[in-house]
Amino acid sequence: MEILRTVAELRQWSRTLRIDARNDGRNLIGLVPTMGALHAGHASLIRAAKASVGFVAVSIFVNPTQFGPNEDYSRYPRSFEADCALAQAEGADVVFAPTVEELYPAGAATFVEVEGLGNRLDGASRPGHFRGVATVVAKLLIATEADRAFFGQKDAAQVALLRRMVADLRLPAEIVVCPIVREPDGLALSSRNLYLSPAERNQALTLSRAIRQVEALLASGERHSSALIASARQTFATEPAIRIDYIALVDWTTLEPVEDATPGSLFAVAAWVGSTRLIDNTILG
Ligand code: PAF
């Protein structure tokens, strides 16, 4: 597995592969964008990519533009050696690990703003976050010229935003969504779980409990947004140490609230456990 540091090297890698691509599906190029601190959720994305395309690039880049001024950019977990070992073990062909200056050259003034969606759910609580995500993913897709890019359903709002961006910019990449990977007790895997103290780790289970409760209600035929949201609020009420950021039933394409859950609805929660913000969700149908 190669480690590439510049956009020019990555583009060269991708273009060289294309010269003898037979276009039989196995020769397609896949991108798994990450911020490192790789865990079993990322491993599942790399495996899904490897099963679906011939060549897989994993990007490892803690993207400064998606962090707010008081967020955790400087303390975001960084574990490059272990990340490369995991990427290699899962079959990645290259790791792309640029510097900040490589992706944001001096004087960089071009950003991708997805209007509307960029300000909903996590975008409402984290102003500028989705602008940073859209910008860096656009740069990565353009650099790799990837045919498919793989993301986890845990970041469901991010997926909606990126699908809109890819459609609007007519980028020739398909966004592939892979299921949430959970710990045996239900906690959705996240690099930020590393921040949790043992007590907070226990409190954090409230998110997946709320989601499971809503899934049970949906399975019983309940569809009303107010009933589903009330049920999640009740679950959160059992853990007063947690501060709810949002609980929402939305259309997964537009991220606009809906009255009734239908196939394609996204039920999503975000909450603060101590100083760590966690998210979880379920998608109907
Ligand atoms: O989901 C993430 O880890 C990040 O938002 C992404 C897509 C790698 C962009 O920095």
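Residues numbered from 1 in each chain as written. Predicted model: local features only at pLDDT ≥ 70, side-chain atom pairs only at ≥ 80, totals over all residues. Heavy atoms only, no water.

(A) Region of interest: the packing of aromatic side chains. Summed over all chains, the structure comprises three aromatic pairs. In this structure, arginine 75 packs its charged tip against the face of tyrosine 195, placed 4.0 Å from the ring centre. Arginine 78 extends its terminal NZ or CZ atom over the ring of tyrosine 73, reaching a point 5.1 Å from the ring centre. (Phe/Tyr/Trp six-rings, centres within 6.5 Å; stacked < 30°, edge-to-face > 60°. Lys NZ or Arg CZ within 6 Å of the ring centre and 35° of its normal.)

(B) Structural detail: the environment of proline 105. Among the structural elements, proline 105 can be located in the loop between helix H4 (100-103) and helix H5 (122-125). Sequence separation of proline 105 and serine 79 is 26 residues, and the distance between their C-alpha atoms is 24 Å. (Helix = DSSP H or I, 4+ residues; strand = E, 2+ residues; numbered from the N terminus.)

(C) Focus on the site of the ligand. All residues adjacent to the ligand are Pro33, Thr34, Met35, Asn63, Gln66, Val133, Val136, Val137, Phe151, Asp155 and Gln158. Glutamine 158 is positioned such that a nitrogen or oxygen atom in its side chain is 2.7 Å from an oxygen atom of the ligand. Relative to its unbound accessible area of 290 Å², the ligand is 88% covered by the protein chains. Residue assignment for the shell around the ligand shows that the elements contributing at least two residues are strand E2 (29-34) and helix H6 (129-144). Partitioned by chemical class, the residues of the shell around the ligand number six nonpolar, four polar and one charged. (Near = heavy atom within 4 Å. Polar contact = N/O pair within 3.5 Å; in protein donor to acceptor, adjacent residues only side chain to side chain. Areas by Shrake-Rupley, 256 points an atom, 1.4 Å probe, with all protein chains shown as cover. Nonpolar A, V, L, I, M, F, W, Y, C, P; charged D, E, K, R; others polar.)

(D) Broad picture of unusual backbone geometry. You will see that alanine 37, though not glycine, has its phi angle at about 50°, which is positive. If you trace the backbone, alanine 37 turns up in the loop between E2 and helix H2 (40-52). Classification of alanine 37 as buried rests on a relative accessible area of 6%. At arginine 170, a position not held by glycine, the phi torsion is positive, near 50°. Inspection of the secondary structure puts arginine 170 in the loop between helix H7 (156-168) and strand E6 (174-178). Residue class for arginine 170 comes out exposed when judged on its relative accessible area of 73%. (Buried < 20%, exposed > 50% of the residue type's maximum accessible area, 1.4 Å probe, protein only.)

(E) Quick peek at the sheet that holds strand E9 (residues 276-283). Within the open sheet, the three strands sit side by side as E7-E8-E9. Their pairing is antiparallel. Two strands close off the open sheet at either side, each with one partner strand: strand E7 (242-251) and E9. Mean inter-strand twist for the sheet, computed between neighbouring axes without regard to direction, equals 15°. Where strand E8 (residues 265-273) lies against E9, eight bridges are found, and the strand directions are antiparallel. Across the sheet, alanine 270 pairs through a bridge with isoleucine 279, a residue of E9. Strand contacts of helix H9 (residues 205-219): E7, E8 and E9, with the helix running at about 15° to E9, the strand carrying the most contacts. (Pairing = 2+ DSSP bridges. Axes fitted to C-alpha atoms, helices over the stretch in contact; angles between N-to-C directions. Contact = heavy atoms within 4.5 Å.)

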